[in-house]
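Residue-level structural notes
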Amino acid sequence: MASSTVRPKTQDRTPQYDVSRRLLDSAAKLAYDPAIEVDWETPLDRDFHGASPEWSSLYGTAYWQELTDAQRKELTRQEAASVASTGIWFEMILQQMVLRDIYAKDPTDDRVQWALTEIAEECRHSIMFARGARKLGAPAYRPHRVAVELGRAFKTLAFGEAAYAAILVAEEVLDVMQRDWMRDERVVPFVRTINNIHVVEESRHMKFARDETRRHLAGAGRVRRQLNAFVVAIASYVIVTSMVNPKVYVNAGLDERRALGEARANEHHKSMMRSSCSGLMEFLASAGLLTRPALFFYKRANLI
């Protein structure tokens, strides 16, 4: 029997159609339901870390050397929960920007259908992160009020390459550290599963964000490119500096003031961030979004 699904002829396809079609096919073949895939029932085993210790904001500091093994593990669990909470915050921003981008557009178009698929995946990710943070024994970490209000403005005003490039930055930074965590047998198994799900599905989201950034920039003039490079850099700074909430130290039983001071001066953590973002910075440079004013914020965020 002939297929009832009629696809456009090859010559009618646009590059955007091909990318979106491939992403839709990938999502149909490889997608997860965190409610089923993640082991939510087994009690938290406190003999495990919540994240690879090398990614802790205090790893390599004098304070880290003084901590007991139990304190180190509790700190990484709180930090993993904080990163997850920041992920939820930005995923909510992401969903609104993508919905605004496809509002009133042809819903039969593959690009629109992929965007809706991505939003559905992000909704599942947010619930997964929230349940994961709760199982780690962490509170609901929220960004600073200033970051929340900046996010509110950004999701309302950002469009085109500014929106998609910022989405890419947030996804890429989280992706690199989660690839380490999901392979690390020191990390509690249910967190490794969460990271694996997120890495697999976010790879599709990053492909779309890169493609959309290039597409929107194709007709951009110098002034628009300079302006949006600056906006993306500020958004990136706010996102990255919001990942580890200062209260993780208190909830891990540490001296918040000392921990903050040593974390801010931690050259090991800064090096980890820079090395993990080398590919991202290369992309931004190739897209013309790594301008001199933007570099200031990327350096302040230790991304370059």
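Look above for the structure.
Computed from a predicted structure; not experimentally measured.

Looking only at helices and strands, the protein has 14 helices and zero strands in total. Scaling as 2.2 N^0.38, a compact globule of 304 residues should have a C-alpha radius of gyration of about 19 Å, and the protein matches this with 20 Å. Expressed along its principal axes, the backbone C-alpha trace of the protein runs to roughly 65 × 50 × 30 Å. Intrachain contacts of the protein at a sequence separation of at least 6 include 82% that bridge at least 24 residues. Surface summary for the protein: the accessible area is close to 14,700 Å², and the carbon and sulfur share equals 55%. In the protein, 42 side chains carry a positive charge and 39 a negative one; their mean positions are 5 Å apart.

Let's shift gears to helix H11 (residues 256–264). For H11, the full list of buried residues reads Ala 259, Leu 260, Glu 262 and Ala 263. On its buried face, H11 sits against helix H3 (62–66) and helix H10 (247–251). One side-chain oxygen at the N-terminal end of H11 lies 3.1 Å from the backbone nitrogen of Arg 257; it belongs to Asp 255.

Where the residue is not glycine, phi is negative for most of them; where a peptide bond is considered, it is trans in most cases. The residue Ala 104 is not glycine, and still its phi comes out positive at about 65°. Structurally, the position occupied by Ala 104 is in the loop between helix H4 (69–102) and helix H5 (110–135). With relative accessibility at 70%, the residue Ala 104 sits in the exposed group. At Asn 302, a position not held by glycine, the phi torsion is positive, near 60°. Positionally, Asn 302 belongs in the segment after helix H14 (292–300).

Right, let's get into the pattern of salt bridges. Tallying each qualifying case throughout the model produces 21 salt bridges. Between Asp 110 and Arg 21 there is a salt bridge, with the nearest N and O atoms lying 3.1 Å from each other. Of this pair, Asp 110 sits in helix H5 while Arg 21 sits in helix H1 (residues 15–29), and the two are 89 residues apart along the sequence. Residues Arg 258 and Glu 262 are paired through a salt bridge, measuring 2.8 Å at the closest nitrogen-oxygen approach. Here Glu 262 and Arg 258 lie together in helix H11, a separation of four residues that amounts to about one turn. Its relative accessible area of 18% is what places Glu 262 among the buried residues.

All right, on to H14 then. Ala 294, Phe 297 and Tyr 298 are the residues of H14 that are buried. End-on, the buried residues of H14 take up no more than an arc of 100°, which puts them together on one face. For H14, the exposed residues lying more than 90 degrees away from the buried face are Arg 292 and Lys 299. Close packing links the buried residues of H14 with helix H9 (222–241) and helix H13 (278–286).

Rules used throughout
- Residues numbered from 1 in each chain as written.
- Predicted model: local features only at pLDDT ≥ 70, side-chain atom pairs only at ≥ 80, totals over all residues.
- Heavy atoms only, no water.
- Helix = DSSP H or I, 4+ residues; strand = E, 2+ residues; numbered from the N terminus.
- Rg over C-alpha atoms; globule rule 2.2 N^0.38 Å.
- Contact = heavy atoms within 4.5 Å.
- Areas by Shrake-Rupley, 256 points an atom, 1.4 Å probe, with all protein chains shown as cover.
- Lys, Arg positive; Asp, Glu negative; His and termini not counted.
- Charge placed at Lys NZ, Arg CZ, Asp CG, Glu CD.
- Buried < 20%, exposed > 50% of the residue type's maximum accessible area, 1.4 Å probe, protein only.
- Polar contact = N/O pair within 3.5 Å; in protein donor to acceptor, adjacent residues only side chain to side chain.
- Salt bridge = Lys/Arg side-chain N within 4 Å of Asp/Glu carboxyl O.
- Arc of directions from axis to C-beta.

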